[in-house]
Amino acid sequence: MIPEPRRYVCTLATIFVVIVLAGQARPNICEPPAAVVVSVQGAVDAKRAGAADWQPVAMDDKFCAGDSVRTSAGSRADILLGDQSVLRVREQTTLVVQGPKDEGSYVLDLLQGAAHFFSRQGARNLEVQTPYTVAGVRGTEFGVEVGNSATTVRVFEGSVHAANSAGRILTATSRSRV
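Participant: Any chance you could explain the overall build of the protein here in plain terms?
Facilitator: Within the protein, the secondary structure is distributed over one helix and 16 strands. In the protein, which comprises 178 residues, the proportion classed as buried is 36%. In the protein, of all internal contacts separated by at least 6 residues, the share reaching a separation of at least 24 is 40%. On the protein, roughly 10200 Å² of surface is accessible, and the fraction owed to carbon and sulfur atoms is 54%.

Shown next, in the form of structure tokens:
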């Protein structure tokens, strides 16, 4: 039989281990998730809204509004957004999943780097915000690249409305605008 003080210490140690292991799990506290990882190649990390540290991303990881994703050099990820758009994140890109803005639109902040969007199936308008412009689309395939001082929008199919403080443009199929 274990002496009383030792049993007390063992019980406390067991409780501590359970708490630590539960804290390392990747809980999905939003239902439905704002986005789901469907492909990862290389080093892709996520920082949960309100968290301080970046953690490695794995297949089927789920993101809530406000979660950030970044890809390292030579890395990429495919992410299924909550509106059924697919986002192919290129290397050295950082973005924030904002999720639904209202019943009619879905928002993503592309802070740096580049991404290719397939939003043909989405029932909502997809709004991509960058430091230099906002691009709004529906039923479109397009790419957005954030440079040091500008954003480039390339449209492969459909059309994209882009706007910033300098004005608005409509970019149609097979066109690029800065």
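Participant: Can you help me understand the environment of Thr152 in this one?
Facilitator: One can find Thr152 in strand β13 (residues 151-157). Classification of Thr152 as buried rests on a relative accessible area of 16%. Taking C-alpha positions, Thr152 is 10.0 Å from Ala162, a pair spaced 10 residues apart along the chain.

Participant: Before we go on, may I ask you to explain the pattern of salt bridges in this structure?
Facilitator: Between side chains of opposite charge, a pair can form as their charged atoms come close. Scanning the entire structure with this criterion turns up five salt bridges. One salt bridge in this structure joins Asp45 and Arg70, with 3.6 Å as the shortest N-O distance. Taken as a pair, Asp45 in strand β2 (residues 44-47) and Arg70 in strand β5 (residues 68-71) lie far apart in primary sequence, 25 residues in all.

Participant: Got a minute to help me understand the pairing of strand β11 (residues 134-137) in this structure?
Facilitator: Along a regular strand, successive side chains alternate from one face of the sheet to the other. Of the two faces of β11, only the one carrying Ala135 and Val137 is buried; Val134 and Gly136 on the other face are not. In terms of strand pairing, strand β10 (residues 125-129) meets β11 through four bridges, oriented antiparallel. Along β11, the bridge assignment pairs Leu126 with Val137. What sits between the antiparallel neighbours β10 and β11 is a turn of four residues. Across four bridges, β11 lies against strand β14 (residues 159-164) in antiparallel orientation. Within β14, the residue paired with Ala135 across the bridge is Ala162.

Participant: Which parts of the structure should I look at to understand the side chain of Thr94?
Facilitator: Position of Thr94 among the secondary structure elements: in strand β8 (residues 94-102). A relative accessible area of 15% means that Thr94 is categorised as buried. Residues within four places of Thr94 in sequence aside, it is in contact with Trp54, Val69, Arg70, Asp109, Leu110, Leu111 and Gln112.

Thresholds, definitions, all that
Residues numbered from 1 in each chain as written. Predicted model: local features only at pLDDT ≥ 70, side-chain atom pairs only at ≥ 80, totals over all residues. Heavy atoms only, no water. Helix = DSSP H or I, 4+ residues; strand = E, 2+ residues; numbered from the N terminus. Buried < 20%, exposed > 50% of the residue type's maximum accessible area, 1.4 Å probe, protein only. Contact = heavy atoms within 4.5 Å. Areas by Shrake-Rupley, 256 points an atom, 1.4 Å probe, with all protein chains shown as cover. Salt bridge = Lys/Arg side-chain N within 4 Å of Asp/Glu carboxyl O. Pairing = 2+ DSSP bridges.

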